[in-house]
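# Coordinate analysis (summary)
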Amino acid sequence: MNSEKENTPMALIEHYFAIGRYTNVISLVKQRMAEDMENKELWYMLAVSHYSIGQYEEAFEPFLKAFQLGYDKGVIYYFLGSIYMATEQWQKAEESFLEALHNNPNDAYVYSAYAILMKMTGHRKKGSLLVEKALALDPNSTAVLYHYSLT
């Protein structure tokens, strides 16, 4: 019965995360962390939740903690690149997207986000090449197609 009590909050956190109720996730994760500070999934969900509601500064440290605990480096670098892009730190954004691709070289979504960065910084030709690569990797991805429409 005790393990059921422990699992219930995690299941609730995962539920709210899946349906995009990020403010609920943030408060529940903070409660859960009192007993589970080394859970990379919790740190990741906390970071993504802050990121998703535009709290980029609050998202940064939890992403780094998830990274330190062994969460997928490519995913973390993608989000860091997105934070840097949103805060107009172009060089850091590009470096993060390159690290994301180094860790996950076939991630179409990262290629498409990197293409948006290139467009935003005036590198249209490079952006076009990146979005073509993304489409080649995953021609049916709605996210890639959305980014393609922006380039």
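Provided above is the structure to which this section pertains.
The text that follows walks through the structure, step by step, so that each part is easy to find.

Procedures and definitions
- Within any chain, residue numbers begin from 1 and follow the written order of that chain's sequence.
- The predicted nature of this model means local features are confined to residues of pLDDT at least 70 and side-chain atom pairs, given and counted, to a pLDDT of 80 or more, with totals for whole chains, interfaces and linings taken over all residues.
- Note: side-chain values were computed over all heavy atoms of the structure, leaving out hydrogens and water.
- Here a helix means four or more residues in a row that DSSP labels H or I, a strand means two or more in a row labelled E, and each is numbered from the N terminus.
- Exposed residues in this analysis have more than 50% of their type's maximum accessible area, buried residues have under 20%, and partly exposed residues fall in between, with area computed by a 1.4 Å probe over protein chains only.
- Residues are treated as being in contact if the distance between any of their heavy atoms lies within 4.5 Å.
- For every accessible area listed, the method is Shrake-Rupley and the probe measures 1.4 Å; residues are considered covered only by the protein chains on display.
- Within this scheme the basic residues Lys and Arg register as positive and the acidic residues Asp and Glu register as negative, but His and the chain ends are omitted.
- For the purpose of locating charges, the reference atoms are NZ of Lys, CZ of Arg, CG of Asp and CD of Glu.
- Expected helix span is computed as 1.5 Å times (number of residues minus one).
- Residues adjacent in sequence count toward polar contacts only when both atoms are side-chain atoms; beyond that, a polar contact is any pair of N or O atoms within 3.5 Å, and within protein one must be able to donate a hydrogen and the other to accept it.
- Note on aromatic pairs: the rings of Phe, Tyr and Trp (six-membered ring only in Trp) are paired at centre separations within 6.5 Å, and the planes decide the class, stacked below 30 degrees, edge-to-face beyond 60, tilted for the rest.
- Just to be clear on terms, a salt bridge is a Lys or Arg side-chain nitrogen sitting within 4 Å of an Asp or Glu carboxyl oxygen.

Across its full length, the protein holds nine helices and zero strands. Along the first, second and third principal axes, the C-alpha set of the protein runs to 60 × 30 × 25 Å. Within the protein, the fraction of its 151 residues that count as buried is 39%. A sequence separation of at least 24 residues applies to 47% of the contacts in the protein between residues at least 6 apart. Carbon and sulfur atoms make up 50% of the accessible area of the protein, which amounts to about 8500 Å² in all. Put simply, the protein has 13 plus and 18 minus side-chain charges, and the middle of one group is 5 Å from the middle of the other.

Let us now look at helix α7 (residues 108-120). Here α7 contains 13 residues, and its C-alpha end-to-end distance of 19 Å stays within 8% of the 18 Å for a straight helix at 1.5 Å per residue. For α7, a buried count of 10 out of 13 residues is recorded, marking the element as mostly surrounded by other parts of the structure. All of the buried residues in α7 are Ala108, Val110, Tyr111, Ser112, Ala113, Tyr114, Ala115, Ile116, Leu117 and Met118. Measuring from the backbone nitrogen of Tyr109 back to the side-chain oxygen at the start of α7 gives 3.0 Å, which picks out Asp107 as the cap. Just past α7, the residue Gly122 takes up positive phi, approximately 85°.

With that settled, consider unusual backbone geometry. Of note, Glu88 is a non-glycine position whose phi angle comes to about 60°, a positive value. Tracing the chain through its elements places Glu88 in the loop between α5 (73-86) and α6 (90-103).

Where two aromatic rings form a pair, the distance of their centres and the angle of their planes describe that pair. In the structure shown here, the tally under the stated rule is 14 aromatic pairs. A centroid spacing of 6.5 Å and a plane angle of 65° characterise the contact between Tyr44 and Phe63, whose relative ring orientation is edge-to-face. With Tyr44 in helix α3 (residues 40-52) and Phe63 in helix α4 (residues 56-68), this pair connects stretches of sequence that are 19 residues apart. Taken as a pair, Tyr44 and Phe63 share a single burial class, namely buried.

Okay, the pattern of salt bridges next. Enumeration according to the criterion identifies three salt bridges in this entry. Note that Arg32 is salt-bridged to Asp36, the shortest N-O span being 3.8 Å. With a relative accessible area of 10%, Arg32 lands in the buried category. Here Asp36 falls in the partly exposed class, since its relative accessible area comes to 21%.

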